[in-house]
Every structure is written in C-alpha cells, then in structure tokens.
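One letter stands for each residue in the lines below.
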Amino acid sequence: MLPTRPRLIFLALTLGICSIAAATDDQPTTSLPYTPSLDIKAMDRSADPCEDLHQFACGNWLVNNPIPSDQSRWSTYGKAYVDNQRYLWGILQENAKDNPQRNATQTLIGDYFAACMNTDKIDEQGSQPLSDDLQAIAQLEDKKQLGGLIGRLIKHTDASAFFMGLGSQQDAEDSSLMIGGIHAGGLSLPDRDYYLEINENKEATRQAYVAHLAAMFELLGESAEQAGTSAATVMRIETTLAKASLTRVERRDPHKVYHRKSLQELEQMVPAINWTAMFKQTGLNPAPWLNLSQPAFITETQATIERESLDDLKTYLRWGLVNTRAQLLSKPFRDQDFAFYKAHLRGITEQSPRWRTCVSQVDNQLGEALGREFVERSFPPERREEARHMSMQIQQVMAERINQLAWLSPETRAQAQDKLKKMRNKIGYPNKWRDYSSIKISRDDYFGNVTRATGFDLDRQLARIGKPVDLDEWFMSPATVNAYYNPSMNDINFPAGVLIPPLYDSKMDDAPNYGNTGGTIGHELIHGFDDEGRQFDADGNLRDWWTGQDAAAFKERADCIRDQYATYHVIDDIFINSELTSGEDIADLGGLVLAWEAWKMETADQQLEPADGFSPEQRFFVGFAQWACGGERDESLRLHAATDPHSPPKYRINGVVVNMPEFARAFSCKADAAMVKPVEKVCRIW
Ligand SMILES: [Zn+2]
C-alpha cells in the first residue's frame, strides 16, 4: 500500500488493520467460506495460557497460516478480508460480462472491474495517461501560477503529494459546522522520521528511496544523469518539509491539529500560493474559515517555494504525480513502485494477483455500490439486529461502570453519561446508498475511470462544506473488515465485513462471540473515552468537560497502561512507542472489560456448559485471543513500530489479560505466571 494520508480530515480511531490479504487459493468463490469464531484447531494446546495466551490460542494458526508471499503481515482479519475479496471477485467477474441484464449498479462496478483487469491495454499506454498533467507542469512559467496548478493536480488525484491535501471536516469546536480543511502532506516516505532519524536502517532506506526516485524519473524519460539530479532535488525538498511536520504522537493531540484560519489569514501566511486559484480549481469553499492542521508546515511551504528554483519545484510536482499514479500505469511503473514500497519497505516478495488489486480498487472507489451487492448476499437483517443488541448491551454496561467508578466526581460522571447516551451505533451499511450514477465508467479506460471516480469523491466531500452534517455518512465500505469511532460525530461504525465469521459467528454460542465481537464493540465505544476521544464532548465538540482532579486521575490510570506497553519489545532495539499506541491500548483493555460484563449479563440465567475441554470463561478468552492471530515480516514490524497506532497482535492480547483477574481465575493461573499481575499493579481506567 502506498503511504497514503487520510483524504477525509477526521480522527478515525479504528480497530486496526491496514495491510491486506493473500493469494492462497486463486479462484473466485460464490459463497463465503466458514471459519468458526472459536477454532480449536488453531490453538497450541501444548502452550501454557498463563504464560502466553496468544501462543495458546493462535499457535497452530501461525503454523498453518504462513505469511503469503504477497503480504507483509497476515492475520485473522487479513485472511477474512481476502475471503471477502475472493467472494467479491466472483460478483465482479459475473458483472464484468457485457450483459444487458445487468442493472445500473452491476454495470458500473462490472465495467470498472473489466477495465482494471485489462492490463494489456494499460501496458500499451505507458505513461501516456499522465501526459496532460505533465505538460501542465512543464508549462509553468511563474511561481505565481503554482496555486492553480496544485489545485488541478489535487483535483485529478485527491492526493496530498503536492505539499498538502484538501478536504472537508466537522469543525472541531463546533461539530455542527462543515468546513474546509488543509492538511500537511508532501512526503512520500511513510513518516517524517524516515527522513530525519540517524540509524543504519533508516539510512539504508533513504538510499533505496533516492535510487527509487531516480528510477521513476528515468521511466518518465529523463537521462540517468538528469534523473539523479531530480532525485536529489525531491529528497532535499521533502527532508525540509519533514522537519516542519508534526510527529505522529503530536498529531494525536486534537488541539495541535486544529487551527481556524480565514482565507485572508492564509493569504498572509503563504503569499506564494494563489489560494483563490487553488480553491477555484478544486471547488473548495474557504468560508467562513478553514482548519489548517499544521501551520508550521504551511509556513515551511512558503519558505520552500521562495527558496527553490521554478525548475526544482516542477521536479517535485512531477514526482508527486508519478508516485501517486504509478500503480495505474504500465508494468515498468508498477514494478518499480512495488520494488520500493512493498519489497524494500515491507519485505514482500511477490506482487498481488491482478484480480485482488482490482477488487480493492472497486472497493476503494465504488465501495457502497459493491457493498450493496455484498450486503444483499451475505448480511441478512437478523445479523444487524444481533449486532445492535450486543452494542446496546455494551453501552448499558458502560453506563453502569461509569456510575460505579470511584475516581470519577459526580460532575464528570454526569457529562460522561451524557456522552454515552448520545453515542450512536451504525451497523453493517448506510441507510441510504451513495449514488455513483454521475461517474462515467468506460470498459477500456482504466486510468480515466479512476480519475473520474476520484473527482466524484472529492466533489462529494467538498460539497459538504456549509451544509448540515450527514450523520448517516460512513467512512468505510460495507465489505471492510474493520471498525471505527468518529469523535466529531460521536458514533461507532461496524461494517458488515467485520460482523461475519470468523469474527461474529451466529452458529456459535455467546462466549467466543462476546470475547471477539463484543470486545470489538467495546473497543470502539472506549475510543470515545480514551486519552484522545475523552477531549470531545457528547456533541462531538473539542471541549474540556473534565474537572482538573478527574483529568489527573484519568492520566494516572492511562500512564499505568502506557508504562506497561512501553516494556514490550518489537524487533531489533525497538520497543512499542506507547505514546503512539496509548489510545488503542486503552480501548483494547476497556473494550474487553465491557464485553466480559455484557456476556455475564446476557447469560445470567443460563446454565453454561464446558465444550472441547474448556469452561465457558476459558472459551470467552480464547475467542477473544483468536481475533488477533497473526504474524508479520521483520521489515513490516519496523515500519509499523514507527507508524501504526496499534500494538502488535501478541501484545493486544497478552497486554489486556494481564490486567484482568477474571482471566487468571478462568485458567487458575499461579500468582507468579507471566499473564498475572499483582492486584496493586493491575491497570484499569473504565
Ligand atoms: Zn481502535
């Protein structure tokens, strides 16, 4: 996956997968395969759960599911997504046939897929699809024209590769207001630290990156010498921008990424850019104000434009264009892009099969059209109701816990209850499907299709500015195997893809389902109350509703979790950066505590029986652990330690249960076992 940045500027706090999928059995399917939510065969029963629950629950899964050659990591979620993709492949292959029986949605997604699969046609075209934009860059005569040109490039790519990205968002301090936003971009390595950190690994990556830049410039027709100079230019500009960028930990502070600016203020800060021309090109309305996520970065953009020559700025823009479009071009571009971003940075040895690239592209660009087909076939209304029942129950448990927590004062408690009461659950799919009918899709113009669908989505986003907030809007497609909490909307969102086996399994009893899906629902709910989410109020406004004493008590408890995770080793001399993972770690623990109590509530009047030699309590914890079976390549571990706000899977399991005496009791663990903490050291917030 390219180092993309969020197109929509909102704080998505997800359950957390990014890397996707594998080619094990390369055939489309007509039904989804069934894997139970508790799989005895996946366990390593020779391991001691009290020493390593993850190994006990997932040991055989890891043996039986080696990381596929086209993947950087592999997990229960990743595998479930590939199963979904293979099933979507069947749907798309059927709809790709030029058949007059197809309805409008089927024609749209089928023709898009057919064009994507036609690599002969794509390869014939070389870099030709870029020629108009390359020419527009070449014809730039004056730095004063940069604003309009950057606007044009953003309009065609919706990328943040040209210094910055544009979008719309709810105003952090007035969530009823949709405003425009400008966020820092302009970097093509995965993080600012890749440009700045002094160590052997990062130095090797910088050298490989410069070689990659040169190779891409050569593919665009430059001589080896020119390409070398161009590569050095891009590296110099990006390194300067990296220095002015906030770190990922700083970006977790919602105050640090919220700065209201009027158009006039923006023009004063960065006179080098003709903002009016840029906004005209993109259709962004800057009134009444914009959010500028990183003012220091924008100030550096001004300095860069002043300092660099016109030719060097053109080189930087040319790179941004070819880099964001490389996967849409002919094979030499796709291969070179793979060699750096997938092979070097992630350790992947083989490119994904074309069908999967195309299924992902349809899901990315026309996700609700494809999702509609997916939902109709595999997510019946009763699943939605079951998930809603579980969510309501978990919310009820949270309400009771808030009332009982001794460290919360009555004032803060009342505000927390209000926030919880107003939190909405969105389950499965949107109530109203997005209408893509205005996008022109051609069966033999893949690049054009992508550009038009990109423009459609950017227009859709920017059209929201000044309009009422659409509370029904989703930021994930229905087939996605993931979930998120949105603090500005104060809602939790569970796509259909995360509510089917092996994650939610209606054939299975409650214990593993509450451990797995219950834990996920609890996780997303707790994001509204983690160190980041707690700064937003019931209406999604960034407003401090905590008494000083309660905030201090919260921080003390959050520090307990942060200190615990900081001791976990990842690879080489790298430990978890728990300032980055803090919100996710808090959500993992709080989520499972809620799921446990919800399960107890659901089964209060039932006589629960052991199964396969495990008590119901043990099956709850094994079901929980099996959501996170998974392994990862060394290169990818290094990458994610720097960029991923989620801890590695093993610690997302073991790091939680050490804080749950319920676990030690369920497995009769001895007091000195690795998965047991002395009572006084147990971390709990919610
Ligand atoms: Zn999360």
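Whatever comes next refers back to the structure up there.
The structure reproduced in this document is the subject of the present report.

Conventions and cut-offs
Residues numbered from 1 in each chain as written. Predicted model: local features only at pLDDT ≥ 70, side-chain atom pairs only at ≥ 80, totals over all residues. Heavy atoms only, no water. Helix = DSSP H or I, 4+ residues; strand = E, 2+ residues; numbered from the N terminus. Rg over C-alpha atoms; globule rule 2.2 N^0.38 Å. Buried < 20%, exposed > 50% of the residue type's maximum accessible area, 1.4 Å probe, protein only. Contact = heavy atoms within 4.5 Å. Areas by Shrake-Rupley, 256 points an atom, 1.4 Å probe, with all protein chains shown as cover. Salt bridge = Lys/Arg side-chain N within 4 Å of Asp/Glu carboxyl O. Pairing = 2+ DSSP bridges.

Looking only at helices and strands, the protein has 27 helices and 12 strands in total. Taken over the C-alpha trace, the protein has a radius of gyration of 25 Å; the compact-globule value for 686 residues is 26 Å, and the two agree within 12%. Counting only C-alpha atoms and orienting by the principal axes, one finds that the protein spans roughly 75 × 60 × 50 Å. In the protein, which comprises 686 residues, the share counted as buried stands at 60%. Across the protein, every contact between residues at least 6 apart in sequence was considered, and the portion connecting residues at least 24 apart equals 77%. In the structure as shown, the protein presents an accessible area of about 26,400 Å², 50% of it carried by carbon and sulfur atoms.

What follows deals with the pattern of salt bridges. Applying the stated criterion across every chain, the model contains 46 salt bridges. We note a salt bridge from lysine 555 to aspartate 559, for which the minimum N-O separation is 3.1 Å. Of this pair, lysine 555 and aspartate 559 are both found in helix H22 (residues 548–566), four residues apart, which corresponds to roughly one turn of the helix. When the shortest N-O distance is used, the salt bridge between arginine 562 and aspartate 559 registers 3.6 Å. With arginine 562 and aspartate 559 both in helix H22 and three residues apart, the pair spans about one turn of that helix. Assessed through its relative accessible area of 28%, arginine 562 is described here as partly exposed. Bridged by salt links that share partners, the residues Arg236, Glu300, Arg307, Glu308 and Asp312 form one connected network.

Attention now moves to the pairing of strand E7 (residues 424–428). Here E7 lies mainly inside the structure; four of its five residues are buried. Where E7 meets strand E9 (residues 491–495), five bridges bridge the pair, whose relative direction is parallel. What sits directly across from lysine 426, in E9, is asparagine 493.

Here the focus is the pairing of E9. Burial runs high along E9: five of the five residues are buried. Residues Asp491, Asn493 and Pro495 line one face of E9 and the alternating positions Ile492 and Phe494 line the opposite face, and both faces are buried. Across three bridges, strand E8 (residues 484–486) lies against E9 in antiparallel orientation. Bridged to tyrosine 485 within E9 is isoleucine 492. Between the end of E8 and the start of E9, which pair antiparallel, lie four residues, with asparagine 490 showing a positive phi angle near 50 degrees.

The topology assignment puts lysine 421 in helix H19 (residues 410–422). Once the C-alpha coordinates of lysine 421 and isoleucine 441 are considered, the two residues, 20 residues apart in sequence, prove to be 43 Å apart.

In spatial order, the strands read E3-E4-E6-E5; together these four strands make up an open sheet with mixed pairing. One side of each edge strand has no neighbouring strand; the edge strands of this open sheet are strand E3 (164–171) and strand E5 (260–261). Pairing of E5 with strand E6 (residues 290–292) involves two bridges; the strand directions are antiparallel. Within the sheet, the bridge partner assigned to arginine 260 lies in E6 and is asparagine 291.

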